[in-house]
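Listed below, chain by chain, are the residues.
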Amino acid sequence: MKIPFVDLRRQHEPLQDEIAAAVARALSTGGFVGGAEVDGFEAEFASYLGVDQVITVGSGTAALHHAFRALEIGAGDEVIVPANTFIATAEAVVLAGATPVFCDVEPDTGLLSVRTVSPVITDRTRAIVPVHLYGNVVNIDPLLALAASRGLRIVEDTAQAHGAYYESASGRRRAGSMGDIGCFSFYPTKNLGAIGEGGAVCTNDPTLAHRLRQLRDHGQADKHVHTMVGDNARLSTIQAAALRTKLPRLDGWNARRRAIAARYDEVLSGLPATPVLRPAWSESVYHLYVMQVEDRDRWRGALGDLGIATAIHYPTAIHLQPAFAFAGRTKGDLPVAERMAAEILSLPMFPEMTHDEVEAVVDALSEVAAAITGSSARAA
Ligand SMILES: Cc1ncc(COP(=O)(O)O)c(C=O)c1O
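An account of the accompanying structure is given in this report. All values derive from a computational prediction rather than experimental measurement. (Residues numbered from 1 in each chain as written. Predicted model: local features only at pLDDT ≥ 70, side-chain atom pairs only at ≥ 80, totals over all residues. Heavy atoms only, no water.)

### Remarks on helix α4 (residues 60-70)
Here is the rule: Only protein chains enter the calculation, and the probe is 1.4 Å; a residue is then buried if its accessible area is under 20% of its type maximum, exposed if over 50%, and partly exposed in between. Starting at the N terminus, helices and strands are each numbered in turn, a helix being any DSSP run of H or I of at least four residues and a strand any DSSP run of E of at least two. Throughout this description, a polar contact denotes any pair of N or O atoms lying within 3.5 Å of each other; where both atoms belong to protein, one of them has to be capable of donating a hydrogen while the other can accept it, and for residues adjacent in sequence the pair is counted only when both atoms sit in side chains.
Taken across its 11 residues, α4 has 9 buried, putting it largely inside the fold. If you check which residues of α4 are buried, you get G60, A62, A63, L64, H65, H66, A67, F68 and A70. Where α4 starts, the residue carrying a side-chain oxygen 3.3 Å from the main-chain nitrogen of T61 turns out to be S59. Just downstream of α4, E72 is the residue with a positive phi angle, here 55 degrees.

### Description of the sheet that holds strand β12 (residues 274-275)
Basically, it comes down to this: Pairs of strands are assigned from DSSP output, requiring at least two bridges between the strands. Residues count as neighbours in contact if any of their non-hydrogen atoms are within 4.5 Å of one another. The angle between two axes is taken between their N-to-C directions and runs from 0 to 180 degrees, where each axis is a line fitted to C-alpha atoms and a helix contributes only its stretch in contact.
The 3 strands are arranged β12-β14-β15 in an open sheet whose pairing can be described as antiparallel. Two strands close off the open sheet at either side, each with one partner strand: β12 and β15 (344-347). Across 4 bridges, strand β14 (residues 289-292) lies against β15 in antiparallel orientation. When the bridges of β15 are listed, M291 appears paired with L345. On top of the sheet, helix α10 (residues 250-268) reaches β12, β14 and β15; it is set at about 15 degrees to β14, its chief contact.

### Focus: the site of the ligand
Counted only if it meets this: Proximity is defined per residue: if any heavy atom of the residue lies within 4 Å of a molecule or strand, that residue is considered near it. A pocket, in this scheme, is an open set of points on a 1 Å grid over the protein atoms alone with protein on both sides within 12 Å along at least 5 of 7 lines, while a cavity is a set where a 1.4 Å probe fits but cannot get out; residues line either one if an atom lies within 4 Å of a point. The rule for placing a molecule in a cavity or pocket is simple: more than half of its atoms must lie within 2 Å of the grid points. Classes in brief: Ala, Val, Leu, Ile, Met, Phe, Trp, Tyr, Cys and Pro nonpolar; Asp, Glu, Lys and Arg charged; the others, Gly included, polar.
Around the ligand lies a shell of 16 residues, among which G60, T61, D157, S185 and K190 are the nearest. One of the backbone N or O atoms of G60 is found 2.8 Å from an oxygen atom in the ligand. One of the side-chain N or O atoms of D157 is found 2.8 Å from a nitrogen atom in the ligand. More than half of the atoms of the ligand fall within 2 Å of the grid points belonging to the largest pocket. Breaking the shell around the ligand down by element, the ones donating at least two residues are α4 and α5 (88-95). Among the elements that take part in the shell around the ligand, α4 stands out by supplying 3 residues, more than any other. Counted by class, the shell around the ligand contains 6 nonpolar, 8 polar and 2 charged residues.

See the structure below:
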């Protein structure tokens, strides 16, 4: 049996008529940018997240870029970004004119923490970007306390954690709703994906919300009155209509992801492979199911031979990407992120996976583990 890493057709087939009707509804208005669909989605997503305002944009990258601009972070300012993330987190800092400063991550979660951020704070630091990677939430309360004590801003990168919860003594809050600004991507493979590109920012601060609305629309304060240099980063009406169809399903899809993950956890507990830890404070939404193994490329090859598609998120820690050589980090500087890049492997994970497919992955993991342990025992 061939198991795909992800199969978006299966999510869309049962929704096809509903999405087509939503798109037809949008088209019938004759408006293709903004309008009632965008306003409706922004209100519904704000209520889902428990925030005052959602401002949609054209992509997750634009969301992050605009967040820094709205916070007036730019030339001469530093923003702390984990080395284990998708490149866009750091790209957006550069797009805003600021400098990304990479920090290491915790070995068990792959997420940044107060411990890994503190050594790289300087007089120029203006913000920290907790990235809720793989659907796991960063331990944000201590980070918010650190930011408050040092006058720093928190921009959450929630591109991989739509619907995840953070649980602490201060309550249960959705990822993205806790910092100054939360940033989302609706790239089609995300837990909440559009039928093309899309993104959003959310905030409880009315001044920031006002700036964010201006930034996405050429800096307009009023018709033909441009009080800042902005961007063209508006969400298309059709994307908003599709997202409104999918949002009510998000919690159900996330629950199915958690059930698949529980089955993977069960089999991995007896194998020489360690799932990336979901911390106690995080109700994960498993955008990805990531495990760490010493002989990663061998595992990947053997799983592929058995028909199991896998992926690596991400094979190179971003401070070692050629595009960020200017940031001055070299190999060995952020050892945990670098080791993870060499050992992580993402297993098939999408809500529409069938029971038989999940069991096929589980069986393949056991078979590969037996082959690899057997051959290392023989070699010893
Ligand atoms: C962690 C993270 N940040 C930012 C982004 C950027 O989002 P987009 O692709 O919508 O620009 C992504 C999406 O791929 C991501 O995974």
